[in-house]
Amino acid sequence: MGDAFKDSDYPMVYIPTGIAQLRDDRIKKSWTVQVDAFRLAPIPVTKALYSLITRQEACPPHAAQTPVTDVSWQDAINFCNLFSRHSGLKECYSIGGDGEVIWNTEADGYRLPTEAEWQYACKAGTNGYRYGELDTIAWYRDNSEGYVREAGSKDPNAWGLYDMLGNVWEWCWDVYDANVYGSYRVFRGGSWAEEPRGCGATCRRRSHPTFRIDDLGFRIARSL
């Protein structure tokens, strides 16, 4: 890869325009979001890509294609900006001295998906809690043997997206509930350590944007 890495070298899946029906079971609230067409990576960011772009020590070969974990929301934001620069794209995020992150929605670089985009892409035109049988589409508590697995090694959804459920939770852009949890951000999708009920398209979780968790990673998106 290197400094001349081209955005065309990184695969992205076209996600068409549509509607996402979101809900928060905690407060018995639901809402509808219009989702504009965008691009989404077919797999979560791998340890190999993350270490290359951030210039960290290379990960062991046996783990290179597993999703990166133990990355905070802020780490994911920084990666998106770094990867955009490597690819000759305009950075989506500006970061203030106080740590505040502002998203330039006109930029063409890499970014985190919104949770509406994430859920809409996860469902891929289906209406259920999952887009297939859990054991065939996801690594989770009952089949992972207790560790993260190679990205893309289970069946994809109808739009060619892998690991949308299971393997690792994925950070989204959105604040979870500013009135109750302040700056806590949303993550979605379930993980290798999660029980079956947590691996579903509408399951919402939250964490502080500086926290790093051993089954939480991210995948990247781009606006059209």
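Residues numbered from 1 in each chain as written. Predicted model: local features only at pLDDT ≥ 70, side-chain atom pairs only at ≥ 80, totals over all residues. Heavy atoms only, no water.

When its secondary structure is counted, the chain shows five helices and 12 strands. Taken along its principal axes, the extent of the C-alpha atoms in the chain is 45 × 40 × 30 Å. Per-residue burial over the chain gives 52% buried out of 224 residues. In the chain, 65% of the contacts between residues at least 6 apart in sequence involve partners at least 24 apart. When the accessible area of the chain is evaluated, it comes to approximately 10,300 Å², of which 47% is carbon and sulfur surface. (Helix = DSSP H or I, 4+ residues; strand = E, 2+ residues; numbered from the N terminus. Buried < 20%, exposed > 50% of the residue type's maximum accessible area, 1.4 Å probe, protein only. Contact = heavy atoms within 4.5 Å. Areas by Shrake-Rupley, 256 points an atom, 1.4 Å probe, with all protein chains shown as cover.)

With that settled, consider unusual backbone geometry. Even without being a glycine, D70 presents a positive backbone phi close to 55°. Take D70: it is sitting in the loop between α1 (47–54) and α2 (73–86). Positive phi values are uncommon outside glycine, yet D163 reaches one of about 60°. Mapped onto the fold, D163 is located in the loop between α4 (134–137) and β8 (169–175). Judged by its relative accessible area of 0%, D163 is buried.

Ranked by size, the top nonpolar core spans 30 residues in total, and within it F79, L112, F218 and I220 carry the most contacts. Elements with a minimum of two residues in this core: α1, α2 and β8. Counting residues per element, this core draws most heavily on α2, at six residues. With near-sequence residues (within four places) excluded, L112 lies in contact with W73, A76, I77, C80, Y93, W171, C172, W173, F218, R219 and A221. Residues I15, L22, F38 and C199 belong to the second largest nonpolar core, which totals 26 residues. (Core = buried A, V, L, I, M, F, W, Y, C linked by side-chain atoms within 4.5 Å.)

Of note, R185 is situated in strand β9 (residues 185–188). Along the backbone, R185 and D215 are 30 residues apart, and their C-alpha atoms lie at a distance of 16 Å. Contacts of R185, omitting those with residues within four sequence positions, involve W73, W171, C172, W173, D174, V175, Y176, R205, R206, S207 and P209. Polar side-chain contacts of R185 include one of 2.5 Å to the backbone oxygen of W173. (Polar contact = N/O pair within 3.5 Å; in protein donor to acceptor, adjacent residues only side chain to side chain.)

Under the definition given, this model contains 15 salt bridges. Here R188 makes a salt bridge to E115, at a shortest N to O gap of 2.9 Å. Of the two residues, R188 is situated in strand β9 and E115 in helix α3 (residues 115–123); the sequence distance between them amounts to 73 residues. Across the pair, exposure class does not vary: R188 and E115 are buried alike. Between E170 and R219 there is a salt bridge; the shortest N-O distance is 2.8 Å. Here the residue E170 occupies a position in strand β8, and R219 occupies one in the loop between β11 (216–217) and β12 (221–223), the gap between them amounting to 49 residues. The same class applies to E170 as to R219, namely buried. One salt-bridge network, in which partners are shared between bridges, spans D24, R26, E115, D177, R188 and R204. (Salt bridge = Lys/Arg side-chain N within 4 Å of Asp/Glu carboxyl O.)

This paragraph deals with the sheet that holds strand β10 (residues 204–207). Sheet architecture is open: four strands sit in the order β10-β9-β8-β11, paired in mixed fashion. In the strand order of this sheet, the two ends are held by β10 and β11, each with one partner. By the bridge criterion, four bridges tie β9 to β10 in an arrangement that is antiparallel. In the strand pairing of β10, F187 is matched with R205. (Pairing = 2+ DSSP bridges.)

Let us now look at the sheet that holds β12. In space, the four strands of this open sheet follow the order β1-β4-β12-β7, with antiparallel pairing throughout. Of all strands in the sheet, those bounded by a partner on one side alone are β1 (13–15) and β7 (110–111). Where β1 meets strand β4 (residues 38–40), three bridges bridge the pair, whose relative direction is antiparallel. The partner of Y14 across the bridge, within β4, is R39.

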